[in-house]
Amino acid sequence: MEKLLLVDGNSIMNRAFFGLPLLTNHEGVYTNAVYGFLNILNRVMEEESATHVTVAFDLRAPTFRHDMYSDYKGNRKGMPDELRSQMPLVKEVLNAMHIPIYQMEGFEADDILGTLASIGEDAGYSVTLLSGDKDMLQLATDKVKISIPRTKGGQTTVEHYYATDVVEKIGVSPKEFIDVKGLMGDTSDNIPGVPGIGEKTAVKIIAQCHDIETAINSIDQLPKRAAKLLGENVDLARMSKELAAIKTDVPLDMSLDDTVVEDMYNKKVYDMFVNLGFTTLLKQFDLSDIASEPAEPMEIVELEADDVRNYIFDKESYSLYFYSDDSMTGIALTSDGKKIELIETPSVPFSQIRDWLEMLGASGKRLCTHDFKDQLHVFGLDGSSVYFQDGLTPQLNDLSLMLYIINPIGDNYNVDAIGAYFSNATLVPLDLFLGKGKSRKNWADLAPTDRQDYAAQCAKALFASEAAAIETLKKENLLDLYNDMERPLLFVLYEVECLGVKVDTNMLKAYGEKLASQIANLEESIYEEAGETFNINSPKQLGHILFEKLNLPNGKKTKTGYSTAAGVLEKLKKQHPIVDKVMSYRQLAKLKSTYADGLYEYIAGDGRIHSTFRQKVAATGRLSSTDPNLQNIPVRIDIGREIRKCFIPEDGHVFIDADYSQIELRLLAHLSEDPAFIEAFRSEQDIHRMTASQVFHVPFEEVTDLQRRNAKAVNFGIVYGISAFGLSEDLNITVKEANSYIEQYFERYPNVKNFLDLCVAKGKSEGAVKTLFNRVRPIPELSASNFAVRSFGERVAMNAPIQGSAADIIKVAMIQVYLRLKERNLKSKLILQVHDELLIEAPQNEVEEVTSLLVETMEHAVALSVPLTVDVHTGSNWYESK
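Report follows, based on the coordinates.

Rules of the game
- Residues numbered from 1 in each chain as written.
- Predicted model: local features only at pLDDT ≥ 70, side-chain atom pairs only at ≥ 80, totals over all residues.
- Heavy atoms only, no water.
- Helix = DSSP H or I, 4+ residues; strand = E, 2+ residues; numbered from the N terminus.
- Buried < 20%, exposed > 50% of the residue type's maximum accessible area, 1.4 Å probe, protein only.
- Contact = heavy atoms within 4.5 Å.
- Lys, Arg positive; Asp, Glu negative; His and termini not counted.
- Charge placed at Lys NZ, Arg CZ, Asp CG, Glu CD.
- Core = buried A, V, L, I, M, F, W, Y, C linked by side-chain atoms within 4.5 Å.
- Pairing = 2+ DSSP bridges.
- Axes fitted to C-alpha atoms, helices over the stretch in contact; angles between N-to-C directions.
- Left-handed = near helix turned anticlockwise from the far one by under 90°.
- Nonpolar A, V, L, I, M, F, W, Y, C, P; charged D, E, K, R; others polar.
- Expected span 1.5 Å × (residues − 1).
- Phe/Tyr/Trp six-rings, centres within 6.5 Å; stacked < 30°, edge-to-face > 60°.
- Polar contact = N/O pair within 3.5 Å; in protein donor to acceptor, adjacent residues only side chain to side chain.
- Parallel < 35°, antiparallel > 145°, perpendicular 65-115°, else oblique.
- Salt bridge = Lys/Arg side-chain N within 4 Å of Asp/Glu carboxyl O.

1. Comments concerning the overall build of the chain
Alright, step 1. When its secondary structure is counted, the chain shows 37 helices and 25 strands.
Alright, step 2. With 882 residues in all, the chain has 52% of them scored as buried.
Alright, step 3. If you take every contact in the chain between residues at least 6 apart in sequence, the share linking residues at least 24 apart comes to 68%.
Alright, step 4. Once the 92 positive and 129 negative side-chain charges of the chain are each reduced to a mean point, those two points are 5 Å apart.

2. Let's talk about the nonpolar core
Alright, step 1. Ranked by internal contacts, the top residues of the largest apolar core, which has 226 residues, are Phe37, Leu320, Tyr321, Phe647, Tyr660, Tyr745 and Met858.
Alright, step 2. For this core, the element with the most residues is helix α35 (residues 787-823), which contributes 15 residues.
Alright, step 3. Ignoring any residue separated from it by four or fewer positions in sequence, one finds tyrosine 660 in contact with Ile809, Ile810, Ala813, Asp836, Met858, Glu859, Ala861, Leu868, Thr869 and Val870.
Alright, step 4. Membership of the second largest hydrophobic core comes to 49 residues, among which are Ala56, Phe107, Ala109 and Leu137.

3. A few points about the sheet that holds strand β23 (residues 829-834)
Across a sheet, paired strands are connected by hydrogen bonds in the backbone, their directions being either parallel or antiparallel.
Alright, step 1. Taken together, four strands build an open sheet; the order of strands is β23-β24-β20-β25 and the sheet is antiparallel. Each edge of the open sheet carries a strand with a single partner, namely β23 and β25 (870-875). The average angle at which neighbouring strand axes cross in this sheet is 20°, direction not considered.
Alright, step 2. Judged from the five bridges that link them, β23 and strand β24 (residues 837-843) form a sheet pairing that is antiparallel. Following the sheet pairing, leucine 830 is matched in β24 by isoleucine 840.
Alright, step 3. Across the sheet, helix α36 (residues 847-859) lies against β20 (653-660), β24 and β25, angled at about 15° from β20, the strand it touches most.

4. Re unusual backbone geometry
Alright, step 1. The peptide bond linking threonine 345 to proline 346 adopts the cis configuration, its omega dihedral lying at 5°.
Alright, step 2. With respect to the secondary-structure elements, proline 346 resides in the loop between β10 (339-344) and α15 (350-362).
Alright, step 3. In this structure, proline 628 follows aspartate 627 across a cis peptide bond, with omega equal to 0°.
Alright, step 4. Its location among the elements puts proline 628 in the loop between β18 (624-626) and α27 (638-641).
Alright, step 5. In this structure, asparagine 551 takes a positive phi of about 55° despite not being glycine.
Alright, step 6. With phi around 55°, glutamate 673 is a residue other than glycine that occupies positive phi space.

5. Focus on the packing of α35 against α36
Alright, step 1. Remark: α35 packs on α36, axes separated minimally by 9 Å, with the N-to-C direction vectors making an angle of 140°. Two packed elements cross with a definite hand, and for α35 against α36 that hand is right-handed. Facing α35, whose interface residues are Ile810, Ala813, Gln816, Val817, Arg820 and Leu821, α36 presents Val850, Leu853, Leu854, Thr857 and Met858.
Alright, step 2. Grouping the constituent residues of the contact of α35 with α36 by class yields eight nonpolar, two polar and one charged.

6. Thoughts on helix α31 (residues 705-719)
Alright, step 1. Between its terminal C-alpha atoms α31 stretches 21 Å, which fits the 21 Å expected from 15 residues at 1.5 Å a residue.
Alright, step 2. If you check which residues of α31 are buried, you get Asn710, Ala711, Val714, Asn715, Gly717, Ile718 and Val719.
Alright, step 3. Looking at the residues trailing α31, positive phi occurs at glycine 721, about 65°.

7. Here's the deal with the packing of aromatic side chains
Alright, step 1. Counted according to the given criterion, the structure contains 27 aromatic pairs.
Alright, step 2. One aromatic cluster is present, formed by Tyr35, Tyr265, Tyr270, Phe273, Phe278 and Phe285 through successive ring pairs.

8. Some details on the side chain of serine 611
Alright, step 1. Tracing the chain through its elements places serine 611 in the loop between β16 (608-609) and β17 (612-614).
Alright, step 2. For serine 611, a relative accessible area of 3% gives the class buried.
Alright, step 3. Engagement of the side chain of serine 611 in a polar contact is seen with the side chain of serine 625, the distance being 2.6 Å.
Alright, step 4. A distance of 3.1 Å separates a polar atom in the side chain of serine 611 from the backbone oxygen of threonine 626.
Alright, step 5. Once residues lying within four places of it in the same chain are set aside, the contact partners of serine 611 are Glu497, Ser625, Thr626, Asp627, Pro628 and Leu630.

9. A word on the packing of helix α34 (residues 750-766) against α35
Alright, step 1. One can describe the packing of α34 onto α35 by two numbers: an axis separation of 8 Å at closest approach and a directional angle of 110°. One element, α34, and the other, α35, form an angle in the roughly perpendicular class. Contacts between α34 and α35 pair Phe755, Leu756, Cys759, Val760 and Lys764 from the former with Glu794, Ala797, Met798, Pro801 and Ile802 from the latter.

10. Comments concerning the sheet that holds β16
Alright, step 1. Overall, antiparallel pairing links the three strands, which are arranged β16-β13-β19 in an open sheet. With partners counted over all chains shown, the strands left at the sheet margins are β16 and β19 (647-648), one partner each.

11. Focus on the pattern of salt bridges
Alright, step 1. In total, this model carries 30 salt bridges according to the counting rule given.
Alright, step 2. Two residues, glutamate 344 and arginine 451, come together in a salt bridge whose shortest N-O distance is 2.9 Å. Placement of glutamate 344 in strand β10 and of arginine 451 in helix α21 (residues 448-475) is noted, with a sequence separation of 107 residues between them. For the pair shown, glutamate 344 and arginine 451 are each scored as buried.
Alright, step 3. Put simply, arginine 608 and glutamate 650 hold a salt bridge, and the shortest N to O gap is 2.9 Å. In this pair, arginine 608 is assigned in strand β16 and glutamate 650 in the loop between β19 and β20, connecting sequence segments 42 residues apart.
Alright, step 4. Classification of arginine 608 as buried rests on a relative accessible area of 7%.
Alright, step 5. The network of salt bridges with common partners includes Glu486, Arg775, Asp808 and Lys811.

Take a look at the structure:
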């Protein structure tokens, strides 16, 4: 049977917009509504096996209903600008997908959809009408199904209504539902209805009388109050019914043949999805039809083992695409974008490819590639000796890093994204080409021609993108950031990852046993407080104990039980001793699972953990650590800090830990040019005690520990754009008190307030803020109409210049420390970075020299109006050195 899917474009776009966070693509174009719309459309089309589909939209013009009632929809708020900008975009996408769009002056989308539903039903089609508008229920029949998506808890479900479902769930037939609307009105459309008659009464009246005219004619049979209200508003009821009735006879110039589903997922749509960043939707396409056809035919040549050694002397520069897994390793390279040379194992031995790369690096040829740090690991190359030419100017362009610097809020820096951004190349993402998870193919499993063509296309895209990438960096004044920071840092991080940090497995085992003992003791104590045993890890069982058995206040019950999230428990700490014990239990349980037990799987054969440092994740420029995350080692509780005892240096070595002191506050002083702040740091005052003295109006020497702690919270809160509510939560004080703290702070440090306001103003006018090193942080949220989203953007605008500058400074320090250790031929090695902290593994006889080197290098990494100070400690494990 032919199946016709009709889509209420405005309704579904509206639902998608408010159901998803605000999203933009790399050009700053808002995309969340279009993305959500397409997800809903794809899902329903698949569920319905639709053979025909069309979408109707409203026009921004009066309709016959406005002629009938001038206040029709008069209470509607204007569409948010972020949604309005996406309406032309979704229509452009639908046109590319060959999905017809209908809109007509004088009529609403509802009327067009009602007409199409009638045409489809008369033609014998099975019809599904997709809309978030309950008014559509009047169109339900035995063959016309109304599907209404509902979103709850981030999950979208679809409710379906045929005529019998409307009767069952509402109590009247679809046609009678029009009369119900006539009586009750509709506040969303400003249909007046009969004042005083609500939905329940309207349903009762129409269930009894079947329509408004019968109700009017038998008004004496209605309940007294309803009869009086209807009798006084007969004309209003009739007009409201006419306003609510959806037309099914709009004069449309169309044929159902126009709505046939065909060639929806074509190359043009693929290119649009790539540009919009809709990566997850790319799985809808037949990838064999998508990849860009080269403007000129490519010549793909396989190099044999004997050819490789001589090849590197032919050209001055190469673009290289690497591909590797357990089955094989290959490189596609080109010097002109036309002839693509391919080297693959096993036809060329791995060792020979490795030697060839070393020769290529040592020869001074310019290389253009992607994710080069990963490739260094694949081949086990010595990044420092091979690829550093002239000190810190390696002949290498890593386009993944370039794209990240240009667009730090993106989520894809792979070759497909590089090609799309810089050279309009359409490349199939690797996860689609090979698959993901258990269905992922090995490179060797692919047909050689498919594999080689894909690799060649990627190498060609890299070649075509390099010049544009460099030009964009120059235009945006970001080339120095790439050349002097991110590119050399790549090699520093590679060596840090190769070195890793040693773990004392006996100490780790003892730490786990200590945690297990404390967890067991806490369990018994919690059971004693509760008066029974239960599963502490079950939110449902814990909620029952806290809010039903112990009757703690403010419990909010949902379908799955009471919320026992950390924020909820934090507010209950003073209500009952069990709460604090549960919170401690959770902390210890996480420590045990994540570290005491979890770290074992990461200990390599050399007894060391080799974390991966990711350069292209945080929009602020901060590094992140994964597999495992060594930057998230707990520091706030004693038992958490003890995990650092398990990290030890090699025999005959010690750890030297260097940590910037209050770097973000020092940057705030420098950037705001606040004289009081600057003087406090220059004179080495206790900044938190000074703030407490100034804000709480007490002599410096009389500041209490509590006042200092509160001032510390204010100092760091200001850096992160904290609100009075947030500060009140942190300090457990009223919002009024917190607001007073913040106001007094800004009164005392007006330059800080001016600086933060300027950050927000610049963010709004320029769409981004910058760090001291010109790193750009785009903030599309600042233009949002939603207050919460906009407020988040304002906090980012205040914090990003400070946090981003701090991230840049530690990167500069890492590079300089790394180089100076090598310049002096020291055996000490940089093995770890944790935000503002560097960890060095040093032989005993180098401790004094390296300590001095660290302090000198880190404190002079950048010149500020206040001194940068570094705390340095040594120890036989990370705990002692920290």
